[in-house]
Amino acid sequence: MQRLRADHAAAVLAFELANRAYFAAFISDRGDEFFDQFTERHNALLAEQEAGICAYYVLVGEDGSVLGRFNLYGIADGTAALGYRVAQHVAGRGVATAGVRELCQLAAAQYGLRTLRAETSHENVASQKVLTKAGFVPVGPAQPGGRPGTRYQRDLSTG
C-alpha cells in the first residue's frame, strides 16, 4: 500500500473508470463531473492529505495498476472515517480485508488514531463482511449515499 502521490493520478483515474459500473452497484455513482474534473480533484485530495485532515492510500499491483483505494477522512480528535474500494477483478480474494486491516494499523501508528468509523449499505454484504473481519462492530443505522445501511466502529487500542 502506498500513500497517494501526484504521480498516481493516471492509474487512479484508470481504476475509477474501469470499475465505475461495478462500484455504482453498491455505492452512489461519482457522476461525470468527477471524471471531467479528475485532475483538480486529485490535487485537492493531495492538499487535504498535506493538511493532515485526510490520508489516502492506493494498493498498487506489480504492473503499476491500482487494485484498491483505502482512505481516512475527517481526521480529528483521535478519530476518522474509513472508506475503501477495490477493483472488481480482485474482489472476493481478501484484498479489501487485508487493505482495511493495514489501514487500521497505519491509522494507529502513523496518525495516532484511536477510533475508526465506517458505513455500508444493507445490500453491500461483501463490505459488511470486510468490516467485520477487520474488527469493526455495528453501532447503529446509517444512510451511506442515501441508502439504508449500518454504521460500524473499530477501537484501535484493542489491536
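Residues numbered from 1 in each chain as written. Predicted model: local features only at pLDDT ≥ 70, side-chain atom pairs only at ≥ 80, totals over all residues. Heavy atoms only, no water.

1. So, the pairing of strand 2 (residues 55-60)
Pairing between strand 1 (residues 2-3) and strand 2: 2 bridges, direction antiparallel. Paired with Gln-2 across the two strands is Val-58, which belongs to strand 2. Note that strand 2 and strand 3 (residues 66-76) share 6 bridges and pair antiparallel. Bridged to Tyr-56 within strand 3 is Asn-71. Counting the residues between successive antiparallel strands, the hairpin from strand 2 to strand 3 contains 5 residues, one of them, Gly-64, with a positive phi of roughly 90°. (Pairing = 2+ DSSP bridges. Helix = DSSP H or I, 4+ residues; strand = E, 2+ residues; numbered from the N terminus.)

2. Details of unusual backbone geometry
Most peptide bonds take the trans form, and the phi angle of most residues other than glycine is negative. A positive phi angle is found at Asp-77, which is not glycine, with a value near 50°. Asp-77 gets classed as exposed once you look at its relative accessible area, which sits at 71%. (Buried < 20%, exposed > 50% of the residue type's maximum accessible area, 1.4 Å probe, protein only.)

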